[in-house]
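Spelled out, the chains give:
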Amino acid sequence: TVSLFSLFQMSTADSWAIIVRSCWAESEDQFDILVTMYFISYMLVVALVVYNIVIAVLLDEFITAVEQSKKRKIRERRLKLRHSNPQLYPGALGPLMQACRPEPQGNPGSSV
């Protein structure tokens, strides 16, 4: 349990130097290089994993934002098209909607 907590503490870079110094103090001269290589490789692997996770989350959010923006633009275009051309009423209520639409006003001086 203590070793897992120490590894977690190192992966968050919270006082990791204290852990490394205590391991150096306990090791003999011949294992200093092995201890150093272990901690360097562990920190590199953890950094790569954490960076990849962060990049994956950011890319997922970016892709979601782009898709929402595209959907919003499509909705705006459809709404603009519907208002610019009132004859385009899709669905079963299209004829009713067109019948209820007010007729455009002509010139006030002209008679039909």
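A. Structural view of the overall build of the protein. Counting secondary structure elements, the protein contains four helices and zero strands. The order of helices and strands in the protein, counted from the N terminus, is α-α-α-α. Within the protein, buried positions represent 12% of all 112 residues. Partitioning the contacts of the protein with sequence separation of at least 6, the portion at a separation of at least 24 is 27%. With an accessible surface of roughly 9,900 Å², the protein has 65% of that area assigned to carbon and sulfur atoms.

B. The arrangement of the nonpolar core in detail. Grouped together as the largest cluster of nonpolar side chains are seven residues: M10, I19, V20, V35, F39, Y42 and V46. At the level of secondary structure, the elements contributing two or more residues to this core comprise α2 (16–26) and α3 (32–84). Per-element accounting of this core gives the leading share, four residues, to α3. If near-sequence neighbours (up to four positions away) are discounted, Y42 is found in contact with L7, F8, M10 and S11.

C. Focus on the packing of aromatic side chains. According to the stated counting rule, one finds two aromatic pairs in the structure shown. Seen from their ring centres, Y38 and F39 are 5.4 Å apart, and the 70 degrees between their planes marks the pair as edge-to-face. Among the residues examined, Y38 registers a relative accessible area of 42% and is labelled partly exposed. Every member of this aromatic cluster is reached through a ring pair, and the members are Y38, F39 and Y42.

D. Looking closely at the environment of T36. Its location among the elements puts T36 in helix α3. Spatially, the C-alpha atom of T36 lies 8.1 Å from that of V20, the residues being 16 residues apart in sequence.

E. Broad picture of the pattern of salt bridges. Taken as a whole and judged by the stated rule, the model has one salt bridge. E76 is the partner of R72 in a salt bridge, and the nearest nitrogen-oxygen pair spans 3.9 Å. Note that R72 and E76 are positioned in helix α3 at a spacing of four residues, about one turn of the helix. According to the relative accessible area criterion, R72 is partly exposed, its value standing at 43%. Look at E76 and you get partly exposed, because its relative accessible area is 48%.

Thresholds, definitions, all that
Residues numbered from 1 in each chain as written. Predicted model: local features only at pLDDT ≥ 70, side-chain atom pairs only at ≥ 80, totals over all residues. Heavy atoms only, no water. Helix = DSSP H or I, 4+ residues; strand = E, 2+ residues; numbered from the N terminus. Buried < 20%, exposed > 50% of the residue type's maximum accessible area, 1.4 Å probe, protein only. Contact = heavy atoms within 4.5 Å. Areas by Shrake-Rupley, 256 points an atom, 1.4 Å probe, with all protein chains shown as cover. Core = buried A, V, L, I, M, F, W, Y, C linked by side-chain atoms within 4.5 Å. Phe/Tyr/Trp six-rings, centres within 6.5 Å; stacked < 30°, edge-to-face > 60°. Salt bridge = Lys/Arg side-chain N within 4 Å of Asp/Glu carboxyl O.

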